[in-house]
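As a plain string of letters, each chain reads:
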Amino acid sequence: MKLAAWNVNSLKVRLPQVIDWLNTNPVDALCLQELKLEDDKFPLAAFTELGYHAAWAGQKTYNGVALISRQPGADIVRNIPGFEDPQRRLVAATLPDPAGGEIRVVSVYCPNGQALDSEKYPYKLSWFAALHEWLREELSRYPKLAILGDYNIAPDDRDVHDPAKWEGQVLVSPPERAAWTQLLDLGLSDSFRLFEQPEKSFSWWDYRQGAFRRNAGLRIDHVLISDALKDRCIASLIDKAPRANEQPSDHAPVVAELKI
């Protein structure tokens, strides 16, 4: 069973690339972030033609998430329950597990924070605190849980092309990394770090200054999996190929594979 996440930075612009990628990589579930379109503009027919179902939470111009899946999802949740937020950043659904039972899959587009002195920074931390509490409840209901998406956190210095240059900025600050650690403490694992990985492995590169060509990136897109899935994870990777497309997203897909 393959699960993937991709911040597409506008589904309207990147839809042909997403369809091409799915044709080449027929994953069981694809979590998309930064749709940047309203609910009624979601291109459901394009995914239906490929044999996929979809659940989404859209927003004009900004944010927006989707969960594209081979099997229809149940118990769909949009945004963090109990956390009032006009920004559309989360969608969750329960999918059949080919190994038996069900898997809860969550697509997240976590806040960026903008800068340490921005009002968006405390919003980011409060959003992560709400996510933490909700995931604690989800784990009690769904032991097999996977949370995929753009977390906007580089967990440690291995995930940053130039740690000294990034010191004192969002995505790497101690409170953000503490929020990440608190998620892991729930009984979640960073699937990418379950395996030996090449040095300088990143999932996001700025459009400016030839960052992708120079591999000056960050690893901020992640697949977190619960302990009930950890022993079944046989691969986790970053697919850099789409970042070399014409008019690419600034993010690359991340993929985790679970044995059945």
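Keep in mind the model is a prediction, meaning the values are calculated, not measured. (Residues numbered from 1 in each chain as written. Predicted model: local features only at pLDDT ≥ 70, side-chain atom pairs only at ≥ 80, totals over all residues. Heavy atoms only, no water.)

Take the UniProt feature "active site" (unreviewed entry) in the protein next. Here, UniProt's "active site" (unreviewed entry) annotation points to Tyr 109, Asp 150 and His 251. Despite a sequence span of 143 residues, these residues sit close together in the fold, their greatest C-alpha distance being 12.4 Å. The annotated residues named above include Tyr 109, Asp 150 and His 251 as those lining the largest pocket. Residue placement: Tyr 109 occurs in strand β7 (residues 102-109). Those residues within four positions of Tyr 109 in sequence are excluded, and the remaining contacts are Asn 7, Gln 33, Glu 34, Asn 63, Val 65, Arg 89, Trp 127, Asp 150 and Asn 152. Of note, Asp 150 is situated in strand β8 (residues 145-150). Its relative accessible area of 1% is what places Asp 150 among the buried residues. Contacts of Asp 150, omitting those with residues within four sequence positions, involve Asn 7, Gln 33, Val 108, Tyr 109, Cys 110, Ile 220, Asp 221 and His 251. (UniProt positions renumbered as here; feature names shortened; annotations may be inferred. 1 Å grid on protein atoms, 1.4 Å probe; cavity = no way out; pocket = protein on both sides within 12 Å on 5 of 7 lines; lining within 4 Å. Helix = DSSP H or I, 4+ residues; strand = E, 2+ residues; numbered from the N terminus. Contact = heavy atoms within 4.5 Å. Buried < 20%, exposed > 50% of the residue type's maximum accessible area, 1.4 Å probe, protein only.)

The next subject is the pairing of strand β12 (residues 221-226). Of all the six residues making up β12, six are buried; the element is thus mostly covered by neighbouring parts of the structure. A two-sided burial pattern is seen for β12, the buried positions comprising Asp 221, Val 223 and Ile 225 on one face and His 222, Leu 224 and Ser 226 on the other. With five bridges joining them, β8 and β12 adopt antiparallel strand pairing. Across the sheet, the residue bridging to Gly 149 is His 222, located in β12. As judged from the three bridges shared by strand β9 (residues 188-190) and β12, these two strands associate in the antiparallel manner. Each bridged residue has a counterpart across the sheet, and for Asp 190 the counterpart in β12 is Leu 224. (Pairing = 2+ DSSP bridges.)

For the coordinates displayed, the defined rule picks out one cavity of 30 Å³ or more. Around the largest cavity, the lining residues are Asp 190, Ser 191, Phe 192, Arg 219, Asp 221, His 222, Val 223, Ser 236, Leu 237, Ile 238 and Val 254. Only β12 and β13 (233-238) provide two or more residues apiece to the lining of the largest cavity. Per-class residue counts for the lining of the largest cavity are five nonpolar, three polar and three charged. (Points joined across faces, edges and corners; volume = space filled by probe spheres on them. Nonpolar A, V, L, I, M, F, W, Y, C, P; charged D, E, K, R; others polar.)

With that settled, consider the UniProt feature "domain: Endonuclease/exonuclease/phosphatase" (unreviewed entry) in the protein. Annotation from UniProt places "domain: Endonuclease/exonuclease/phosphatase" (unreviewed entry) at residues 5-251. Regarding residues 5-251, the helix share stands at 26% and the strand share at 26%, and the terminal C-alpha atoms are separated by 10 Å.

In this section: the sheet that holds β12. Strand order in the open sheet formed by six strands is β5-β6-β7-β8-β12-β9, and the pairing between neighbours is mixed. Looking at the sheet topology across the chains shown, the edges are occupied by β5 (74-78) and β9. Adjacent strand axes in the sheet meet at a mean angle of 20 degrees when their direction is disregarded. In this structure, strand β6 (residues 90-96) lies alongside β7, joined through seven bridges in antiparallel fashion. Across the sheet, residue Leu 95 finds its bridge partner in β7, namely Ile 103. Sheet strands touched by helix α5 (residues 174-184): β9 and β12. Its angle to β9, the strand with the most contacts, is close to 125 degrees. (Axes fitted to C-alpha atoms, helices over the stretch in contact; angles between N-to-C directions.)

Bringing the environment of Asn 215 into the picture now. Structurally, Asn 215 is set in the loop between α6 (211-214) and β11 (217-218). According to the relative accessible area criterion, Asn 215 is partly exposed, its value standing at 22%. Each C-alpha atom, one on Asn 215 and one on Phe 202, is 7.8 Å from the other, the two residues being 13 residues apart in sequence. Discounting residues that sit within four places of it in the chain, Asn 215 has contacts with His 161, Lys 200, Phe 202, Trp 205 and Lys 240.

Turning our eyes to something else, we now look at the pattern of salt bridges. A complete count under the given rule lists 15 salt bridges for this structure. A salt bridge links Lys 144 to Asp 97, with the nearest nitrogen and oxygen atoms 2.6 Å apart. Taken together, the positions of Lys 144 in the loop between α3 (120-141) and β8 and Asp 97 in the loop between β6 and β7 put the pair 47 residues apart, joining distant regions of the chain. Here the two residues Lys 144 and Asp 97 agree in accessibility, since each one is buried. Between Asp 206 and Arg 208 there is a salt bridge, and its shortest N-O distance comes to 2.7 Å. Within the structure, one salt-bridge network assembled from shared partners comprises Asp 159, Asp 190, Arg 193 and Arg 219. (Salt bridge = Lys/Arg side-chain N within 4 Å of Asp/Glu carboxyl O.)

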